[in-house]
Amino acid sequence: MSEIFENLKQAILDGDEDLVVEYCQQVIDDNIDPVAAIEKGLIKGIEELGAKWKAGEAFLPDVMMAADALKAGLDMLEPVIAESGATGGDAKGKVIVGQVAGDIHDIGKNIVGAMMTAAGYKVYDIGIDQPAENFLAKAEEVGATIIAAGALLTTTMAAQKNIIEYLKSKNVREKYKVMIGGGPTSQAFADEIGADAWAETADEAVVLCDKLIAG
Ligand code: B12
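It should be emphasised that the depicted structure is a prediction, and the values quoted were computed from it without experimental measurement.

How each quantity is defined
- Residues numbered from 1 in each chain as written.
- Predicted model: local features only at pLDDT ≥ 70, side-chain atom pairs only at ≥ 80, totals over all residues.
- Heavy atoms only, no water.
- UniProt positions renumbered as here; feature names shortened; annotations may be inferred.
- Helix = DSSP H or I, 4+ residues; strand = E, 2+ residues; numbered from the N terminus.
- Patch = residues over 30% accessible without salt bridge, like charges linked within 9 Å, V, L, I, M, F, W, Y side chains within 5 Å.
- Areas by Shrake-Rupley, 256 points an atom, 1.4 Å probe, with all protein chains shown as cover.
- Salt bridge = Lys/Arg side-chain N within 4 Å of Asp/Glu carboxyl O.
- Phe/Tyr/Trp six-rings, centres within 6.5 Å; stacked < 30°, edge-to-face > 60°.
- Lys NZ or Arg CZ within 6 Å of the ring centre and 35° of its normal.
- Buried < 20%, exposed > 50% of the residue type's maximum accessible area, 1.4 Å probe, protein only.
- Pairing = 2+ DSSP bridges.
- Right-handed = clockwise from strand over helix to strand, strands pointing away.

Q: Just to check I follow, could you spell out the UniProt feature "domain: B12-binding" (unreviewed entry) in the protein for this structure?
A: Taking the numbering used here, the UniProt-annotated feature "domain: B12-binding" (unreviewed entry) corresponds to residues 92-215. The distance from the first to the last C-alpha atom of residues 92-215 is 13 Å, and the span holds 44% helix and 23% strand.

Q: How should a nonpolar patch on the surface be read in this particular structure?
A: Together, Trp53, Leu60 and Met64 make up an exposed nonpolar region whose accessible area comes to about 320 Å². Mapped onto the secondary structure, Met64 falls in helix H4 (residues 60-83).

Q: Would you mind going over the packing of aromatic side chains with me for this structure?
A: In this description, an aromatic ring pair is defined by two values, namely the gap between the centres and the angle between the planes. Applying the stated criterion across every chain yields a total of zero aromatic pairs. The aromatic ring of Tyr124 is capped on one face by Lys122, whose charged end is 5.7 Å from the ring centroid.

Q: Could you clarify how one ought to interpret the pairing of strand E1 (residues 94-100) in this entry?
A: Along any regular strand, the residues point their side chains to alternate faces of the sheet. Counted residue by residue, E1 has six buried out of seven residues, so it is predominantly covered. Inspection of the sheet shows E1 paired to strand E2 (residues 122-130) by six bridges, in the parallel sense. Residue pairing across strands places Gly98 opposite Gly127, the latter belonging to E2. In the classification by handedness, the crossover that spans E1, the intervening helix H5 (residues 107-118) and the parallel E2 is right-handed.

Q: Even after reading the chapter, I still don't get the pairing of strand E4 (residues 177-181), so can you show me in this structure?
A: Across the five residues of E4, four count as buried, placing the element largely inside the fold. Two strands pair when backbone bridges link them, and strand E3 (residues 146-150) and E4 are joined in this way by five bridges, in the parallel orientation. Across the sheet, residue Gly150 finds its bridge partner in E4, namely Gly181. Regarding the hand of the β-α-β motif, the stretch spanning E3, helix H7 (residues 158-169) and E4 is right-handed. Where E4 meets strand E5 (residues 197-199), three bridges bridge the pair, whose relative direction is parallel. Bridging across to E5, Met179 finds its partner in Ala197. Taking the sense of rotation as the criterion, the β-α-β connection linking E4, helix H8 (residues 187-193) and E5 turns out right-handed.

As structure tokens, this is what we get:
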């Protein structure tokens, strides 16, 4: 079992999309836990490559190829995860998920969305580089109660605060629970900007959603 995770990690490091697809098919065919395949294989690979990039041992095109390969793998595994959840009319709650303005990283956000879907939430993913207005507009449109906003850059964290300020300016702050996440964020930052919750990982995001819904 751990061999397939190691293979997935290596295929991400090599930016080899074909191999990632092949191994993900194996995960599906052999009924291997897709969440474990993502966490112990795909994410480990991109994290290791990210560290190499930071150290100057890998370059932006390497990361871009690896990110594409990772997305191809997630596209295969996320539906399998989502299928295991109780979605639809009896969803636990509605959640808006998006990446803040100026930020195009979407791998972590997509995983968060997939895990929430698997946990029984109806997730509306508004995509990357989204201004505060779009989070609120979608939440109002679908009647969501939780807004989950991701930021992976220190320069885009401020946009998470903007969302909260925007909700206040429209007098709807109390209507929504705002959850934030992403690499440079922290509980301290969430407290500082007045967010309702901060999650370090996708698993934690699900647990916190349950808590927020329970009040
Ligand atoms: C892949 C990647 C890219 C890809 C993105 C592809 C894509 N489709 O997402 C590309 C190559 C396009 C890219 C571009 C850039 N990147 Co980049 N990127 C990364 C890298 C290597 C991995 C990120 C990732 O996907 N990790 C895997 C996922 C699963 O982990 P995660 O995102 O942390 O998500 C988990 C948690 O954080 C949490 N979470 C995530 N989102 C959310 C949201 C919510 C609501 C919640 C509750 C939780 C949550 O749950 C997730 C799962 O457990 C990181 C390095 C790193 N180690 O993070 C750099 C990194 C984030 N990038 C960085 C930089 C600087 C850039 C660029 C500015 C580079 C450039 N000069 O152009 C651009 C920015 C473009 C932009 N405007 O956004 C820096 C940021 C530094 C900083 N602190 O500001 C990093 C940290 C690299 C580094 N060490 O220097 N990048």
